[in-house]
Amino acid sequence: MRVFIPKNHHTLSQNVSFLTPSSTKSYGPRVNTSEAREFLLRLFSAPADEVPPVCLWGKHGIGKTALINDLAADKGWPLVTISPAQFEEMGDLLGLPYLDNGAEEGHPRSRFAPPEWVPQSEGPGILLIDDFNRADDRILRGLMALWQERRLSSWALPQHWFIVLTANPEGEFYSVTPVDEASLTRMLHLQLHFDVHSWAVWAHREALPAEAIDFVLQHPEVIDGQRTTARTLTFFFRLWQQYDMPSADDSHLRLLLQSSVQDHAAQQFLAFLQDQQFELPDAPTLLRQPLGQSQALFETLLASTPPRQDLLSLLMSRLLVY
């Protein structure tokens, strides 16, 4: 099994690609979650009003929204999330008009009160515009001023707030609105793709079961981007953990699996649970135990028929994630 580790944690990997499948259209370099996080952290060290909005493109369920939620939580920043696909009219963007009797020169003027979602605190904070290209074309055109001017009509975004967007690729089976070049050139772009090592590090931090992390490390191919995604697997793993991790012969486990992911992924996980003849130590135990004990374990795995290279690779992956 190949595990990817960024060569440089301060720059984008030299292996990023600007190419996309011919059936889809998304923009920017292809990066994993760790690279996107490092990139955003560097951008967020600059004044917010000097940083263009950043759009994270990617398939559903790979963690675009979760990445921003985690980043805001780690920095202790407020996060405001809106889904413009739910906006039906310009009033949802601009707010409602009111008469300002205290306007300059004593002449009343009509102004727009900011909608409830507009951040009010000074910040720093993050305004996340989730699945922005699922919005109606009129709403997309109305948002253009926010990308460039950081304001709409009578109200402005507080100075220390950053704008981040998420979007699904155009094409395939996504119900999205094509975004014109005028909007695209007002923001920075990254293509986020699923990377098993980045997910494993996140899952370890989130205290998901070690068996769940092991399964994904050994079988990353089950995440096919359809019904089986990092998101649906995480939903399942959390429920499995909540139900005290029932064994493979539990009928409720089968129902839970099949309701969460596609059949081939469910069968793979059940087979994985049934093939637990070796009890492997977690990373801290492996590092603390006597060298002879570790050597005996490795020799046992190599002496199996066939040799359990998959489990040896799994032990190394546990150490890398740890």
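Here, the structure is the one placed above.
What counts, and where the lines are drawn
Residues numbered from 1 in each chain as written. Predicted model: local features only at pLDDT ≥ 70, side-chain atom pairs only at ≥ 80, totals over all residues. Heavy atoms only, no water. Helix = DSSP H or I, 4+ residues; strand = E, 2+ residues; numbered from the N terminus. Buried < 20%, exposed > 50% of the residue type's maximum accessible area, 1.4 Å probe, protein only. Contact = heavy atoms within 4.5 Å. Areas by Shrake-Rupley, 256 points an atom, 1.4 Å probe, with all protein chains shown as cover. Salt bridge = Lys/Arg side-chain N within 4 Å of Asp/Glu carboxyl O. Core = buried A, V, L, I, M, F, W, Y, C linked by side-chain atoms within 4.5 Å. Pairing = 2+ DSSP bridges. Axes fitted to C-alpha atoms, helices over the stretch in contact; angles between N-to-C directions. Phe/Tyr/Trp six-rings, centres within 6.5 Å; stacked < 30°, edge-to-face > 60°. Polar contact = N/O pair within 3.5 Å; in protein donor to acceptor, adjacent residues only side chain to side chain.

Asks: So what exactly am I meant to see when it comes to the overall build of the protein here?
Replies: Within the protein, the secondary structure is distributed over 13 helices and 12 strands. Here the protein holds 322 residues, and the buried ones make up 46% of them. Partitioning the contacts of the protein with sequence separation of at least 6, the portion at a separation of at least 24 is 72%. Carbon and sulfur atoms provide 52% of the accessible area of the protein, an area that totals close to 17100 Å².

Asks: What exactly am I supposed to notice about the pattern of salt bridges here?
Replies: Side chains carrying opposite charge are able to pair once their charged atoms draw close together. This structure, assessed with the given rule, holds three salt bridges. Here R141 ties to D137 by a salt bridge, and the two come within 2.2 Å at their closest N and O atoms. Here D137 and R141 lie together in helix α4 (residues 137-149), a separation of four residues that amounts to about one turn. Its relative accessible area of 46% is what places R141 among the partly exposed residues. One salt bridge connects R238 with E206, and the closest N-O pair in it is separated by 3.3 Å. Remark: E206 occurs in the loop between α6 (196-205) and α7 (210-218) and R238 occurs in helix α8 (residues 230-242); sequence separation between them is 32 residues. Residue E206 is classed as partly exposed on the basis of its relative accessible area, which comes to 30%.

Asks: Explanation requested: the nonpolar core in the structure shown.
Replies: One broad rule of soluble globular proteins: the nonpolar side chains tend to lie buried together. One finds W199, V216, F236, F237, L257 and F269 to be the most contacted residues of the largest nonpolar core, which totals 38 residues. Listed by contribution, the elements that provide at least two residues to this core are α6, α7, α8, α9 (251-260), α10 (263-274), α12 (291-303) and α13 (309-321). Here this core gets six residues from one element, more than from any other, and that element is α10. If sequence neighbours within four positions are ignored, W199 has contacts with F194, L208, A212, I213, V216, A230, T234 and F237. Core analysis: the next-biggest nonpolar cluster, separate from the first, contains 29 residues, Y27, A135, L140 and L184 among them.

Asks: I'm lost on the sheet that holds strand β2 (residues 30-31) in this one. Help?
Replies: Pairing between the strands of a sheet comes from backbone hydrogen bonds, and it takes one of two forms, parallel or antiparallel. Here six strands make up an open sheet; going across it, the order is β2-β12-β3-β10-β7-β4 and the pairing parallel. If you trace the sheet from one side to the other, it starts and ends with β2 and β4 (79-82), each paired once. Where strand β3 (residues 54-57) meets strand β12 (residues 188-192), four bridges bridge the pair, whose relative direction is parallel. Bridge pairing in β12 places C55 opposite H189. The strands touched by helix α1 (residues 33-43) are β2, β3, β10 (161-167) and β12; relative to β12, the strand with the most contacts, the crossing angle is about 160°.

Asks: What exactly am I supposed to notice about the pairing of β10 here?
Replies: Across a regular strand the side chains alternate sides, sitting on one face of the sheet and then on the other. In terms of burial, β10 is a largely internal element, seven of the seven residues being buried. Residues W161, I163, L165 and A167 point to one face of β10 and F162, V164 and T166 to the other, with burial holding for every one of them. Sheet analysis places β3 next to β10, joined by four bridges and oriented parallel. Within β10, the position partnered with L56 by the bridge is T166. Taken together, the five bridges between strand β7 (residues 125-129) and β10 define a ladder with parallel strand orientation. Within β10, the residue paired with L127 across the bridge is I163.

Asks: How should I be thinking about the packing of aromatic side chains in this particular structure?
Replies: Any aromatic ring pair is given by two values, namely how distant the centres are and how the planes are angled relative to each other. Inspection of the entire model under this criterion finds 18 aromatic pairs. Here the aromatic residues W199, W202, F215, F236, F237, W240, F269 and F272 are joined through ring pairs into a cluster of three or more.

Asks: What exactly am I supposed to notice about the side chain of T234 here?
Replies: Along the chain, T234 falls in helix α8. Accessibility expressed as a relative area gives 8% for T234, which makes it buried. At a separation of 2.6 Å, a polar atom in the side chain of T234 contacts the main-chain carbonyl oxygen of A230. With sequence-adjacent residues up to four places away left out, T234 is seen in contact with W199, W202 and L208.

Asks: Teacher, can you tell me more about the environment of P178 here?
Replies: Tracing the backbone through its elements, the reader meets P178 in the loop between β11 (170-171) and α5 (181-184). Sequence separation between P178 and D137 is 41 residues; the distance between their C-alpha atoms is 8.2 Å. When residues no more than four places from it in sequence are discounted, the contact partners of P178 are L140 and E170.

Asks: Is there a simple way to explain unusual backbone geometry in this structure?
Replies: With the exception of glycine, most residues fall at negative phi, and the peptide bonds are largely trans. Across the junction of G123 and P124, the peptide omega takes the value 10°, indicating a cis bond. Mapped onto the fold, P124 is located in the loop between β6 (109-113) and β7. Positive phi is not limited to glycine here, since D131 has a value of about 50°. Residue position: D131 is located in the loop between β7 and α4. Its relative accessible area of 25% is what places D131 among the partly exposed residues. Notably, M245 is not glycine yet its phi reads approximately 50°, a positive angle. Mapped onto the elements, M245 comes out in the loop between α8 and α9.

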